[in-house]
Amino acid sequence: MPAKELESPCVDCGDAEFVVDVRSRRLCKWELRQLLIWDPTSHRPCYERYVSLKVLRRIENYRRPKSVPKGQPYKLLLPLSFGLSSSVMLHAMNAQLERQLSKPYPMVGFELHVLVIEPSSISPSSASAEQRFGLLQKNFPRHSYKMLPFHSIYEYEPTVQDIMTQFAGEGFVDDGSLSHKERLDAFRASITTATAKADVDQILLNRLVVSYAKELNCDAILWGDSDSRLAAKTLANVAKGRGSALTWQVSDGKSPSGLEFNFPLRDLFQAELHSYANLIPELMAIIIPDEPPLENTLTKNLSIDELMMRYVQTHGEKYPGVMANVTRTANKLQPAAVSAGARRCAFCDAFMRDSEEQSEFCYACARSRPDSAC
Ligand SMILES: [Zn+2]
Ligand SMILES: [Zn+2]
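Residues numbered from 1 in each chain as written. Chains lettered and ligands numbered in written order. Predicted model: local features only at pLDDT ≥ 70, side-chain atom pairs only at ≥ 80, totals over all residues. Heavy atoms only, no water.

(A) Geometry of the pattern of salt bridges. Scanning the entire structure with this criterion turns up 13 salt bridges. Aspartate 199 is the salt-bridge partner of arginine 242, the closest N and O atoms lying 2.8 Å from each other. Of this pair, arginine 242 sits in the loop between α10 (227-239) and α11 (246-249) while aspartate 199 sits in helix α9 (residues 194-215), placing them 43 residues apart in sequence. For the residue pair arginine 242 and aspartate 199, the accessibility class agrees, reading buried in each case. Residue lysine 240 pairs with aspartate 305 through a salt bridge whose shortest N-O separation is 3.0 Å. Separated by 65 residues along the polypeptide, lysine 240 in the loop between α10 and α11 and aspartate 305 in helix α14 (residues 304-318) bring together distant segments of the chain. (Salt bridge = Lys/Arg side-chain N within 4 Å of Asp/Glu carboxyl O. Helix = DSSP H or I, 4+ residues; strand = E, 2+ residues; numbered from the N terminus. Buried < 20%, exposed > 50% of the residue type's maximum accessible area, 1.4 Å probe, protein only.)

(B) Here's a closer look at the packing of helix α7 (residues 160-168) against α9. At a closest axis distance of 13 Å, the pairing of α7 and α9 adopts a crossing angle of 165°. Put simply, α7 runs roughly antiparallel to α9. The crossing of α7 and α9 is right-handed. Packed against α7, whose contacting residues are Val160, Ile163, Met164 and Phe167, the element α9 presents Val200, Leu204 and Arg207 at the interface. Looking at the contact of α7 with α9 residue by residue, the class counts come to six nonpolar, no polar and one charged. (Axes fitted to C-alpha atoms, helices over the stretch in contact; angles between N-to-C directions. Parallel < 35°, antiparallel > 145°, perpendicular 65-115°, else oblique. Left-handed = near helix turned anticlockwise from the far one by under 90°. Contact = heavy atoms within 4.5 Å. Nonpolar A, V, L, I, M, F, W, Y, C, P; charged D, E, K, R; others polar.)

(C) How the structure looks around unusual backbone geometry. A positive phi angle is found at asparagine 217, which is not glycine, with a value near 60°. Within the fold, asparagine 217 resides in the loop between α9 and β6 (220-222). For asparagine 217, a relative accessible area of 57% gives the class exposed. With a phi angle near 80°, aspartate 349 is a residue other than glycine that sits in the positive phi range.

(D) Region of interest: the confidence of the model for the protein. Mean pLDDT over the protein: 83, with 87% of residues reaching 70 or higher. Element-level pLDDT for the protein is lowest in helix α1 (residues 32-36), with a mean of 44, against a maximum mean of 98 in strand β5 (residues 144-148). Long-range and interchain partners of residues 32-41, a stretch whose pLDDT sits below 50, account for eight contacts in this model, where long-range means more than four residues apart. (pLDDT = per-residue confidence, 0-100.)

(E) Region of the structure containing the nonpolar core. Core analysis: the biggest nonpolar cluster contains 49 residues, and Leu77, Phe187, Leu204, Ile221, Phe347 and Cys365 have the highest contact counts within it. Listed by contribution, the elements that provide at least two residues to this core are β4 (111-117), α6 (153-156), α7, α8 (180-190), α9, α11 and α16 (363-368). Among the elements that make up this core, the one with the highest residue count is α9 (10 residues). The contact partners of cysteine 365, leaving out residues within four places of it in the chain, are Phe167, Ile203, Arg242, Cys345, Phe347 and Cys348. (Core = buried A, V, L, I, M, F, W, Y, C linked by side-chain atoms within 4.5 Å.)

(F) Spotlight on the coordination of the zinc ion (ligand 2). Here the zinc ion (ligand 2) is held by the protein donor atoms Cys345 (SG), Cys348 (SG), Cys362 (SG) and Cys365 (SG), which lie 2.3 Å from it. One can describe the donor arrangement at the zinc ion (ligand 2) as tetrahedral, given that its four donor atoms subtend angles of 107 to 115° at the metal. Taken in chain order, the donor set of the zinc ion (ligand 2) reads C-x2-C-x13-C-x2-C. With cysteine 345 in the loop between α15 (320-331) and α16 and cysteine 365 in helix α16, this pair connects stretches of sequence that are 20 residues apart. (Donors = N, O, S within 2.8 Å, 3.2 Å for Na, K, Ca; no water. Tetrahedral: all angles 85-135°; square planar, octahedral: opposite > 155°, others 65-115°.)

(G) A look at the pairing of strand β3 (residues 75-80). Burial analysis of β3 places six of its six residues in the buried class, which makes it a mostly covered element. Neither face of β3 is exposed, since Lys75, Leu77 and Pro79 on one face and Leu76, Leu78 and Leu80 on the opposite face are all buried. In this fold, β3 hands off to helix α3 (residues 84-102), which returns the chain to β4; that crossover is right-handed. The pairing of β3 with β6 spans two bridges and is parallel. Across the sheet, the residue bridging to leucine 76 is alanine 220, located in β6. (Right-handed = clockwise from strand over helix to strand, strands pointing away. Pairing = 2+ DSSP bridges.)

(H) Here's a closer look at the sheet that holds β3. Within the open sheet, the six strands sit side by side as β5-β4-β3-β6-β8-β7. Their pairing is mixed. Looking along the sheet, the strands with just one partner apiece sit at the ends: β5 and β7 (253-254). Summarising the sheet, β3 and β4 pair through six bridges and their orientation is parallel. Bridging across to β4, leucine 76 finds its partner in leucine 112.

(I) Just the packing of aromatic side chains, in detail. Here the structure, examined in full by the defined rule, presents seven aromatic pairs. Taken together, a centroid distance of 5.4 Å and an interplanar angle of 75° make the contact between tryptophan 223 and phenylalanine 261 edge-to-face. In this pair, tryptophan 223 is assigned in the loop between β6 and α10 and phenylalanine 261 in strand β8 (residues 260-262), connecting sequence segments 38 residues apart. By relative accessible area, phenylalanine 261 is classed as buried at 4%. An aromatic cluster is built from Phe167, Phe172, Phe187, Phe347 and Phe361, whose rings are joined through pairwise contacts. Sitting over the face of the ring of tyrosine 154, arginine 183 holds its NZ or CZ atom 5.7 Å from the ring centroid. (Phe/Tyr/Trp six-rings, centres within 6.5 Å; stacked < 30°, edge-to-face > 60°. Lys NZ or Arg CZ within 6 Å of the ring centre and 35° of its normal.)

(J) The environment of alanine 189, seen in detail. Tracing the sequence through the fold places alanine 189 in helix α8. For alanine 189, a relative accessible area of 59% corresponds to the exposed category. Measuring from C-alpha to C-alpha, the distance between alanine 189 and phenylalanine 172 comes to 9.4 Å, with 17 residues separating the pair along the chain.

Here it is in structure tokens:
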């Protein structure tokens, strides 16, 4: 039977009509009918292949490093927020693992552990994630899963309580008779500005993720930040005085904790992740959609992180190349040489400069403290 004439064939395979235009490449993608009979080994439509290849190309770095002995798994921790980016990353990693296992002599390069920090324990306006957590384990059963409340930081980091008391200064009195949740709430309430609150939350969440990764003896943490989020994070970190932390908060490499930090979605725009997730119903079922920004929120009530994310989202749509450039440039930064015994900030773990000798806390953390917030 002669092939059907196509009006606008996909530029990659030429076998199907193009459905999406991505960075000026007109590609075909799944139709609902194909999704219902999905077979991962069959021909993958070009759009899905394009997006997953971009992710998988980054993920190839996680093939067993030569230093890891044969037979020993390379353990990765994937913190999942049920947001778009980390959920897409889990799906792509899972697909990669399935492909490795489907080969006649499977060589599995990594082992994946998923950590969820219960969203309702971070923001009381979030609904409980119990149901989504169950769905996650059902849809991607090959990996290990753990859900922890934010306040479990006291169990995983027993020294954090003293650091918090010191950080918060005289205005905060820790009451040891309260539950962990109440103690954390009281500490968070002592932080005054929107920017400092977001900054402090981010540091504590990172500490919890790192402690959990260490407890599992993980080799690396995979952060789900997209190109857009990394661009926003770069600009916000510089504005907050955290420029020196960019080499591990935005770039791939070893963090001061000794664990590798990697950002496999760094080449993908938020909009591309959206299109990818829209192709896959089991993925959409676990994603908590972003709340649309409130139009009438006063700028002064937003944290620098939120402001930068909004800026990148609005301008990133118009000038995606500019945002990609910000992220790419930040990824080329080399960490400053530090001696093995260099002091580290008691709160955020960043290496300290000589000029910060007088304090337990780095310059950026000091700015977030309640008695010196500016
Ligand atoms: Zn195609
Ligand atoms: Zn610090």
